[in-house]
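Listed here are the chains, written in short residue letters.
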Amino acid sequence: MKYFIVTYGCQMNVHESEKIAGILEGLGYEEGKTREEADIIVFNTCAIREGAEDRVLGNVGNLKKLKKKNKNLIIAVCGCMTQKEQTAQKLMNTFPFIDIVIGTFNLPKLGYYIEAVKKGRQLELFSEGDIDEVLPYKRTSGDNAWVNIMQGCNNFCTYCIVPYVRGREKSRKEENILKEIKEIVAEGKYKKITLLGQNVNSYGQDLTPQISFAKLLKDICALDGDFTLSFMTSHPKDLTDEVIDVIASEDKIEKYIHLPAQSGNNRILKLMNRKYTREKYLEIIDKIRAKIPSCRITSDFIVGFPTESDEEFNDTYDLAERVRFDSIFAFMYSPREGTVASKMEGQIPDKIKHIRVNKLLALEKKIQKEDNKR
Ligand code: 5AD
Ligand code: SF4
């Protein structure tokens, strides 16, 4: 029996697909090379922008043909799209050939669900689960091992769907993270360990006793073994001096920070609920560069947030020009149902979003060319 997993979205999803693979192999499935030869196909979905959802819908729709050919084919859809109850219902209604719709919190129960489907039931589930539940992984990212340190997000940036589909911040216990990393190191196959969380800088604030992200980093670096440590994603409002110092002083930590700015304009940052100003952001960048001169810094930007004027976009452009990021990800704002920004007046036409995104990408190209020359 063969499985085939299709993954959309961020590294968190890539890592969750490793859990899915682990579960399926535990049930006796082997990895298949194509959808056609699979007995079970799992779509691990992303909901961050409309484009991501559209791709999933199109590709799930195409599975109908396969299901016609092979009546025993099991189709499961999981990930961020399915954690939204409305979308999950819509998926089930539009594509009645889907067997399992399972939200992000319930992956550990996937095996149980597959067994139930084999007995002829269609299932859906969205309730919350336990983040420290131990799952078998099938690590698939070469010499990099992903380690999840926390789930969820408490920030409610007004454009973002993540807090709704991933719930509130829940940190894993430090002892469980250290145990997992010791096992990874003992396996001897991995050179790099990447810690994952939507907002790693607030790691441990929900634990009793509380523990800081800086302390976690130090404790991991103190483990024996030859490995490089990196992490994502950082939120500028929570990136402490202590964390910058640890990155500077620990040889094991990669000199790299992904620090999404989103905008360079204070009015828009406020509307986004980012809780820092342009000045504060630039100050953090200066601090990083002063303490870690070789540090690579990358960023995310959203253009065309509701009511963003040309001048306000120019502030974003100017910030990117000043910082000269090693690379940037620029996104056109995409309204997500249920978020505050999606209900704001002054939505920006796509044509303008395209112009702005292209300007930022052209700037990035120019900077990279200059840096390469240097
Ligand atoms: N529209 C466009 N981009 C978004 N991002 C998050 N939500 C949206 C949205 N609604 C971007 C942010 C974030 C990255 C992962 O995706 O820049 O940092
Ligand atoms: Fe979304 Fe903001 Fe949380 Fe990042 S910090 S996941 S952008 S709400």
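Residues numbered from 1 in each chain as written. Chains lettered and ligands numbered in written order. Predicted model: local features only at pLDDT ≥ 70, side-chain atom pairs only at ≥ 80, totals over all residues. Heavy atoms only, no water.

Colleague: I tried to follow the overall build of the protein on my own but got confused; where do I start?
Modeller: What the protein contains, in helices and strands, is 14 helices and 14 strands. Relative to the 2.2 N^0.38 estimate, which gives 21 Å for 374 residues, the radius of gyration of the protein is 22 Å and therefore close to what a compact globule would have. Once the C-alpha set of the protein is aligned to its principal axes, its extents read approximately 60 × 55 × 45 Å. The buried share of the protein, reckoned over its 374 residues, is 54%. In the protein, once contacts between residues fewer than 6 apart in sequence are set aside, the share between residues at least 24 apart is 75%. Carbon and sulfur atoms make up 50% of the accessible area of the protein, which amounts to about 17300 Å² in all. Distance from the positive charge centre (58 side chains) to the negative charge centre (55 side chains) of the protein: 4 Å. (Helix = DSSP H or I, 4+ residues; strand = E, 2+ residues; numbered from the N terminus. Rg over C-alpha atoms; globule rule 2.2 N^0.38 Å. Buried < 20%, exposed > 50% of the residue type's maximum accessible area, 1.4 Å probe, protein only. Contact = heavy atoms within 4.5 Å. Areas by Shrake-Rupley, 256 points an atom, 1.4 Å probe, with all protein chains shown as cover. Lys, Arg positive; Asp, Glu negative; His and termini not counted. Charge placed at Lys NZ, Arg CZ, Asp CG, Glu CD.)

Colleague: Please clarify how the packing of helix α9 (residues 213–221) against helix α10 (residues 241–249) should be interpreted in this entry.
Modeller: Working note: a packed helix pair is described by the angle between its axes plus the distance between those axes. Running from amino to carboxyl end, α9 crosses α10 at an angle of 20°, the nearest separation of the two axes being 8 Å. Overall, the two elements α9 and α10 adopt an arrangement that is roughly parallel. Along this stretch, α9 crosses α10, giving a crossing that reads as left-handed. Only E242, V243 and V246 of α10 make contact with α9, whose side of the interface consists of F213, A214, L217 and K218. (Axes fitted to C-alpha atoms, helices over the stretch in contact; angles between N-to-C directions. Parallel < 35°, antiparallel > 145°, perpendicular 65-115°, else oblique. Left-handed = near helix turned anticlockwise from the far one by under 90°.)

Colleague: Just to check I follow, could you spell out the site of ligand 1 for this structure?
Modeller: Near ligand 1, the surroundings consist of I48, R49, Y159, Q262, D300, I302, F331, M332, Y333, S334 and R336. Taking R49, its side chain carries an N or O atom lying 2.9 Å from an oxygen atom of ligand 1. Between ligand 1 and Q262 there is a distance of 2.7 Å, counted from an oxygen atom to a side-chain nitrogen or oxygen. Looking at the shell around ligand 1, the elements with two or more residues in it are β13 (296–303) and β14 (327–332). Per-class residue counts for the shell around ligand 1 are 6 nonpolar, 2 polar and 3 charged. (Near = heavy atom within 4 Å. Polar contact = N/O pair within 3.5 Å; in protein donor to acceptor, adjacent residues only side chain to side chain. Nonpolar A, V, L, I, M, F, W, Y, C, P; charged D, E, K, R; others polar.)

Colleague: I tried to follow the site of ligand 2 on my own but got confused; where do I start?
Modeller: Taken together, the neighbourhood of ligand 2 is formed by C153, N155, F156, C157, Y159, C160, V162, P163, Q198, H235 and R274. In terms of residue class, the shell around ligand 2 is made up of 7 nonpolar, 3 polar and 1 charged.

Colleague: Looking at this structure, how should I read the packing of aromatic side chains?
Modeller: Two numbers describe a pair of aromatic rings. These are the distance of the centres and the angle of the planes. A full pass over the atoms with the stated rule returns 11 aromatic pairs. With a centroid separation of 6.5 Å and 85° between ring planes, the pair formed by Y159 and F305 is classed as edge-to-face. With Y159 in the loop between β8 (150–151) and α7 (162–166) and F305 in the loop between β13 and α13 (310–323), this pair connects stretches of sequence that are 146 residues apart. For Y159, a relative accessible area of 10% corresponds to the buried category. The ring of F331 is capped by R49, whose NZ or CZ atom sits 3.7 Å from the centre of that ring. Its guanidinium or amino end placed over the ring of Y137, R139 lies 4.7 Å from that ring's centre, counting from NZ or CZ. (Phe/Tyr/Trp six-rings, centres within 6.5 Å; stacked < 30°, edge-to-face > 60°. Lys NZ or Arg CZ within 6 Å of the ring centre and 35° of its normal.)

Colleague: Before we go on, may I ask you to explain the nonpolar core in this structure?
Modeller: Note that soluble globular proteins tend to have their nonpolar side chains buried in a common cluster. Counting residues in hydrophobic clusters, the biggest one holds 57 residues, and the most contacted among them are L195, F213, I288 and F325. Broken down by element, the residue count for this core peaks at 6 residues, all from α9. When we break this core down by domain, the ones giving at least three residues each are domain 2 (141–254) and domain 3 (260–374). Setting aside chain neighbours within four positions, we find F325 in contact with Y281, I285, I297, T298, S299, F301, L319, A320 and I367. Counting residues in hydrophobic clusters, the runner-up holds 27 residues, among them A47, V56, V77 and V101. (Core = buried A, V, L, I, M, F, W, Y, C linked by side-chain atoms within 4.5 Å. Domains from an automatic or database assignment.)

Colleague: For this particular structure, what's the right way to read the side chain of N265?
Modeller: Tracing the backbone shows N265 in the loop between β12 (256–258) and α11 (266–271). Residue class for N265 comes out buried when judged on its relative accessible area of 9%. Excluding anything up to four places from it in sequence, N265 contacts E312, D315 and T316.

Colleague: How do you make sense of the pairing of strand β3 (residues 40–45) when you look at a structure like this?
Modeller: Side-chain positions along a regular strand alternate between the two faces of the sheet. Counting buried positions along β3 yields 6 of 6 residues, so the element is predominantly enclosed. Because side chains alternate across β3, one face comprises the buried residues I40, V42 and N44, and the other comprises I41, F43 and T45, equally buried. For strand β1 (residues 2–7) and β3, the ladder comprises 5 bridges, and the chain directions are parallel. Pairing of V6 across the sheet is with F43, part of β3. For β3 and strand β4 (residues 74–79), the ladder comprises 6 bridges, and the chain directions are parallel. Within β4, the residue paired with T45 across the bridge is G79. (Pairing = 2+ DSSP bridges.)

Colleague: In this structure, what is going on with the domain arrangement of the protein? I would like to understand it.
Modeller: Interface size, as often reported, equals the accessible area lost upon joining of the parts. Under the domain assignment used here, the protein contains domain 1 (2–119), domain 2 (141–254) and domain 3 (260–374). Averaged C-alpha coordinates put domain 1 and domain 3 at centres separated by 33 Å. On the domain 3 side, the residues contacting the 7 residues of domain 1 number 5 residues. Together domain 1 and domain 3 conceal approximately 470 Å² of surface at their shared face, both sides included; 39% is due to carbon and sulfur atoms. On the domain 1 side of the interface with domain 3, the three residues burying the most area are R49, E50 and Q86, jointly 71% of the side's total. Remark: the boundary between domain 1 and domain 3 carries 1 salt bridge. The shortest N-O distance in the salt bridge between E53 and R336 comes to 3.4 Å. (Buried area = accessible area lost by both parts, 1.4 Å probe. Salt bridge = Lys/Arg side-chain N within 4 Å of Asp/Glu carboxyl O.)

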